[in-house]
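# Descriptive analysis of the structure
The primary structure of each chain is shown beneath.
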There are 2 protein chains.
Amino acid sequence: MKNKTDISSLDVLKKYFAEKKSVILEDYFTYLRFQSISTDPAYAPQVLACSQWLADYLQKIGFDVEIWKTSGHPTLFAQHLHAESQAPTLLLYGHYDVQPIDPVELWHSPPFEPILRGEEVYARGAQDNKGQCFYTIQALRALLERERPLSLNIKLCIEGEEEIGSAGLSRLLKEKRDALQADYIAIVDMGLEAKDEPSITLGVRGLVSMEVTVEGSHADLHSGCHGGLAYNPIHALVELLASLRDSEGKITVPGFYEGISSLDAKEKSLISWEFDEENYKRSFGIPPTGGEKNFPPQERKWMRPTLEINGISGGYTGTGFKTVIPAKAFAKISCRLVPGQEPQRIVSLIKEFLEKRTPLGVTVKIDAYPGGGRALRASPQSAVAQAFSEAFTEVFGKKCQVIYSGATIPIVEEMAAVSQGQVVLLGLGLPDDQIHAPNEHFGMDRFEKGFLIISRAIEFLESPK
Amino acid sequence: MKNKTDISSLDVLKKYFAEKKSVILEDYFTYLRFQSISTDPAYAPQVLACSQWLADYLQKIGFDVEIWKTSGHPTLFAQHLHAESQAPTLLLYGHYDVQPIDPVELWHSPPFEPILRGEEVYARGAQDNKGQCFYTIQALRALLERERPLSLNIKLCIEGEEEIGSAGLSRLLKEKRDALQADYIAIVDMGLEAKDEPSITLGVRGLVSMEVTVEGSHADLHSGCHGGLAYNPIHALVELLASLRDSEGKITVPGFYEGISSLDAKEKSLISWEFDEENYKRSFGIPPTGGEKNFPPQERKWMRPTLEINGISGGYTGTGFKTVIPAKAFAKISCRLVPGQEPQRIVSLIKEFLEKRTPLGVTVKIDAYPGGGRALRASPQSAVAQAFSEAFTEVFGKKCQVIYSGATIPIVEEMAAVSQGQVVLLGLGLPDDQIHAPNEHFGMDRFEKGFLIISRAIEFLESPK
């Protein structure tokens, strides 16, 4: 096939990108023009149109495409399974839905009319996730246009509800178990700490959240007439909440740490543990003194579970003062989880612990919120982690760091569990890309880097060392 | 003087009241028609008109009246000092200002058009305090109309800012120290627990209130990215607040209980300590489990200081959930005080205690609110307590109980301190009089009882046993 270019090195890929750049930019802009805001039902036709355009696009470049109907917006599932039998499969994940655009008056140019200023593309979704999704697609296209055929099977899962919690895809996972089987999974929806700090992310923490309500009397009471008689629900609440952690920052709930797994020494040695305490203090105004005192900061953030009070309210909180003993008080608490912790079991343990300690004179109620999910932690020794790490190192000319995330993306763990593959999370986002905010933007330099990294990582997976 | 009636017994006083009732009611209604709402500057002319009408009224019945200008609404000061030299002086306290009337649409009849339904008078101020103030005045009038002259000197202090904190009178106390000297002080602004339970009140607790603010980072943080790194200000706050009391309900702040006084055994034996736990549970839905576990309920409410959290707020408290570590959290706390506790010293002790325990990574700030004041506790053995107790017993035909109040009326302690007299607090209010609410009312049967009690108590003070 005369038209296919033989690209086997970084230089060849760079040349390919340079030659195709204007066409890529044109298609990228077309993709960005779809107002695929998933949260607002008024945009449903635009979300649908976007998914259809993308399905056609993937088909044109050589994929077999299925449009999966969900309870909400559709998920695109594209496959290229023409490698030899026994060849491994890489599943790539992204999303075509975007965040809302308000406050729209703060945008310097219309959010759905993409514009290039210098090397930066401004539009809603320019980075999150249409930009990252599109360099991934361009990388796959380049590989499919090579002379030699792909010796890796490729699956692409691009959903339309990431910005609203992935409920549709989540409900579909069991039914699509076979289709989603993969050896490697790459979640292309992440970022870097800084422009010149290449990194891959090998895990996210889980999350479970709940509301704790303490109730006393039928109605608010006067603190003069009842102070010393009524057990103040706010006092019961602060006593209960304070009892959840000891003076070393350890969670005191029996069983909370039970069954949690940790990395082995070899894996630990591959991870970037440095933590710049001075920089943290400068950035946030506080020293990193939260969490368990006998673990270093980076381990506390990535590898240790937490229990945080995210909200608390009770009694009079307006201006001035009111001598009230309120009828009730409540708090919202959440735990970041690590592998081995089951969200529902954690709720039960906390519930049991608090109920046992509830003082006579008040009642306590614990209600779990929907959402959240288990943690995911992948090994830095997996083939896919090694391939992407090598690709980042090559493209940046600087050693790729292996990091973990303290945050939670429930769909990642759910997909990984169903697919049964080794996971890596990556991306070229930067903290100042203004994602979820006005004037979102993404640099074409980073678009190219993403293109190169996806391509080279696949090449490394094709011929493992 | 032919017109004067010789009244020396309860029956004679009852007869007097029956004969004068229609005139008394007419004057009482006139008093109630003044819209003397102290909190709203728009009503200032009405407050002034009310004070002038009352000054004229007191003058007509035989008092020397001064109108004391204050920083706010005037205080009326009326005297009848015609007893023999060395005769003791009784100072009576009340107020002519009233609470606002909103929500006005819930009144069944206009709040400033008094109406008699059955034996109940409906109007703003019908009880609090115009009704109680006016039966006091009628009792004094009856005694002045007796044939034999009063052998007690009488002073009347009727202020116009009780409903807004008594700031004007409070500031005037030092300057008026001489005028306010008295042997006995009766605060006629209280109520009974039930219609058939005569009681006098011999003390109020003091109050001091403050805001505790805990601050962490410059801005709210994401609990995924910072959970385990940042010391959550809500966690610091609940730990600090919980540390203020031990598991026995005792305040743990060193020095908190220092210097507090208690009654002697004889005084204790004169007090009504019974507490109906079942009734409390029925009324408020909770057992009386608050406060210090090793004191009985009535003692905890009347004689022991407290520390209550009256409000708490931090982080996300709306519907649903938000994974935030907030930049700050705060609580409003107050202490009910007993004699021997200085409000400002208590703030300093709490401040020192909390600052010492503040964990690294957050800062704590304690700001005292203005207002509040010291406790007052009078002896049940004083002449004035004995006289009023006897009067209640005689009028109700049932033994008068000696009780204390857990609440706070700062002006009472301030007046008592300046006047240097023995104090009693009393009144014929009932919990369902709807004071401070729509459809306030007061029964003419209780008006008469108040009239009889004030008259008889003065007669008992005139000829002590």
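Each value, and the rule that gives it
Along each chain, the written sequence defines residue order, and numbers are assigned to residues from 1. Here every chain gets a letter starting at A, and every ligand a number starting at 1, in the order they are written. Since the coordinates come from a predicted model, pLDDT governs what is reported: local features require at least 70, and pairs of side-chain atoms require 80 or more to be given and counted, while whole-chain, interface and lining totals use all residues. Neither water nor hydrogens contribute to the side-chain values; these are computed over all heavy atoms in the structure. By convention, a stacked pair of Phe, Tyr or Trp rings (six-membered ring in the case of Trp) has centres within 6.5 Å and planes under 30 degrees apart, an edge-to-face pair has planes over 60 apart, and any other such pair is tilted. Helix and strand labels come from DSSP, where a helix needs a run of H or I of at least four residues and a strand needs a run of E of at least two; each type is numbered from the N terminus. A 1.4 Å probe rolled over the protein chains alone gives each residue an accessible area, and that area as a share of the maximum for its type sets the label: buried under 20%, exposed over 50%, partly exposed in between. Here, a charge over a ring is recorded when the distance from Lys NZ or Arg CZ to the ring centre is within 6 Å and its angle to the ring normal is within 35 degrees. Fitting of the copies onto one another was done by least squares over C-alpha atoms, counting residues only where both copies have pLDDT of at least 70. When checking whether two residues touch, look at their non-hydrogen atoms; a contact exists if any pair is within 4.5 Å. Two strands pair if DSSP finds at least two bridges between them. The axes are straight lines fitted to the C-alpha atoms, using for helices just the contacting stretch, and the angles between their N-to-C directions are given from 0 to 180°. Criterion for a salt bridge: a side-chain nitrogen of Lys or Arg within 4 Å of a carboxyl oxygen of Asp or Glu. Polar contacts, as used here, are pairs of N or O atoms within 3.5 Å; protein pairs need one atom able to donate a hydrogen and one able to accept it. Residues neighboring in sequence count only if both atoms are side-chain atoms. The nonpolar class holds Ala, Val, Leu, Ile, Met, Phe, Trp, Tyr, Cys and Pro. Asp, Glu, Lys and Arg form the charged class, and all remaining residues, Gly among them, are polar. What pLDDT expresses is the predictor's confidence in each residue, scored from 0 to 100. Expected helix span is given by 1.5 Å per residue-to-residue step, counting one fewer step than there are residues. Our angle categories are set so that under 35 degrees counts as roughly parallel, over 145 as roughly antiparallel, 65 to 115 as roughly perpendicular, and the remainder as oblique. Each crossing gets its hand from how the near helix is turned against the far one by less than a right angle, where anticlockwise is left-handed and clockwise is right-handed.

Summed over all chains, the structure comprises 44 aromatic pairs over all chains. With centroids separated by 6.2 Å and ring planes inclined at 15 degrees, the aromatic side chains of Y28(B) and F134(B) adopt a geometry described as stacked. Of the two residues, Y28(B) sits in helix α1 (residues 10-33) while F134(B) sits in helix α3 (residues 130-144), which places them 106 residues apart along the sequence. Each member of the pair, Y28(B) together with F134(B), is buried. Positioned above the aromatic ring of Y231(B) is the side chain of R245(A), whose terminal nitrogen or guanidinium carbon lies 5.7 Å from the ring centre. It is K130(B) that lies over the ring of Y31(B); its NZ or CZ is 5.4 Å from the centre.

Here we come to the relation of the copies chain B and chain A. Superposition record for chain B on chain A: RMSD 0.2 Å, screw rotation 180 degrees, translation along axis 0.2 Å. Between the two chains, the operation in question is that of a two-fold axis. In this assembly the copies share their binding face: 100% of the residues contributing to the interface of chain B also contribute to that of chain A.

Turning to the sheet that holds strand β4 (residues 115-117) of chain A, a few remarks are in order. Across a sheet, paired strands are connected by hydrogen bonds in the backbone, their directions being either parallel or antiparallel. Residue and element names in this part refer to chain A. Overall, antiparallel pairing links the three strands, which are arranged β4-β5-β19 in an open sheet. If you trace the sheet from one side to the other, it starts and ends with β4 and β19 (441-443), each paired once. When strand polarity is set aside, the average angle formed by the axes of neighbouring strands in this sheet is 30 degrees. Summarising the sheet, strand β5 (residues 120-122) and β19 pair through three bridges and their orientation is antiparallel. Looking across to β19, one finds that E120 is bridged to G443. Strand contacts of helix α1 (residues 10-33): β4, β5 and β19, with the helix running at about 25 degrees to β5, the strand carrying the most contacts.

The next point concerns the interface of chain B and chain A. At the junction of the two partners, chain B supplies 72 residues and chain A supplies 72 residues. Applying the counting criterion to the chain B and chain A interface returns two salt bridges. E239(B) is paired through a salt bridge with R245(A); the nearest N and O atoms lie 4.0 Å apart. The interface formed by chain B and chain A contains 38 residue pairs in polar contact (both at pLDDT 80 or more). Per-element tally for the side of chain B that touches chain A: the top contributor is strand β12 (residues 306-315) of chain B, with ten residues. A per-class count over the side of chain B that touches chain A returns 31 nonpolar, 31 polar and ten charged. Pairing between strand β12 (residues 308-315) of chain A and β12(B): five bridges, direction antiparallel. Directly across from G315(A), in β12(B), lies its bridge partner G311(B).

For the rest of this paragraph, the subject is the confidence of the model for chain A. Residues and elements named next belong to chain A. Averaged over every residue, the pLDDT of chain A is 95; the share at 70 or more is 98%. Note that pLDDT drops below 50 for residues 1-7; the model gives that stretch 15 contacts with residues more than four away or on any other chain. Scored as a complex, the prediction yields pTM 0.89 and ipTM 0.90.

Residue and element names in this part refer to chain B. Of all the seven residues making up strand β6 (residues 153-159), seven are buried; the element is thus mostly covered by neighbouring parts of the structure. Covered by surrounding structure in β6 are N153, K155, C157 and E159 together with I154, L156 and I158, the residues of both alternating faces. Two strands pair when backbone bridges link them, and strand β2 (residues 75-80) and β6 are joined in this way by five bridges, in the antiparallel orientation. Bridge pairing in β6 links F77 to C157. Bridge count for strand β3 (residues 89-95) against β6 is seven bridges, and the pairing is parallel. Along β6, the bridge assignment pairs L90 with I154.

A few words on the pairing of strand β18 (residues 422-426) of chain B. Residue and element names in this part refer to chain B. β18 sits mainly inside the fold: four of its five residues count as buried. In this sheet, β18 lies alongside strand β7 (residues 184-188) in parallel orientation, the contact comprising five bridges. Bridged to I185 within β18 is V423.

In this section: helix α2 (residues 44-60) of chain A. Residues and elements named next belong to chain A. Helix length check: α2, at 17 residues, gives a terminal C-alpha distance of 24 Å against a target of 24 Å (1.5 Å per residue), a fit within 8%. Along α2, the residues that are buried comprise V47, C50, S51, W53, L54, A55, Y57 and L58. Summarising the contacts, the buried residues of α2 are in contact with α1, β1 (64-68), β2 (75-80), α3 (130-144) and β6 (153-159). Of the residues one or two after α2, G62 is the one with positive phi, at around 120 degrees.

All names here are of chain B. Spatially, β4-β5-β19 is the arrangement adopted by the three strands of the open sheet, whose pairing is antiparallel. The sheet is open, and its two borders are formed by β4 (115-117) and β19 (441-443), each paired with just one other strand. For this sheet the average axis-to-axis angle between neighbouring strands, irrespective of direction, equals 30 degrees. Two elements, β4 and strand β5 (residues 120-122), share three bridges in a ladder whose sense is antiparallel. Directly across from L116, in β5, lies its bridge partner V121. With respect to the sheet, α1 is in contact with β4, β5 and β19, its orientation differing from that of β5 by roughly 25 degrees.

Before going further, it helps to spend a moment on the packing of α1(A) against helix α14 (residues 444-462) of chain A. Residue and element names in this part refer to chain A. Viewed as axis vectors pointing N to C, α1 and α14 meet at an angle of 125 degrees, and their least axial separation amounts to 10 Å. Judged by the inter-axis angle, α1 sits oblique to α14. Crossing angle aside, the handedness with which α1 passes α14 is right-handed. Note on element contacts: α14 touches α1 through M444, F447, E448, F451, L452, S455, R456 and E459, opposite L10, L13, K14, Y16, F17, K21, I24, L25 and Y28.

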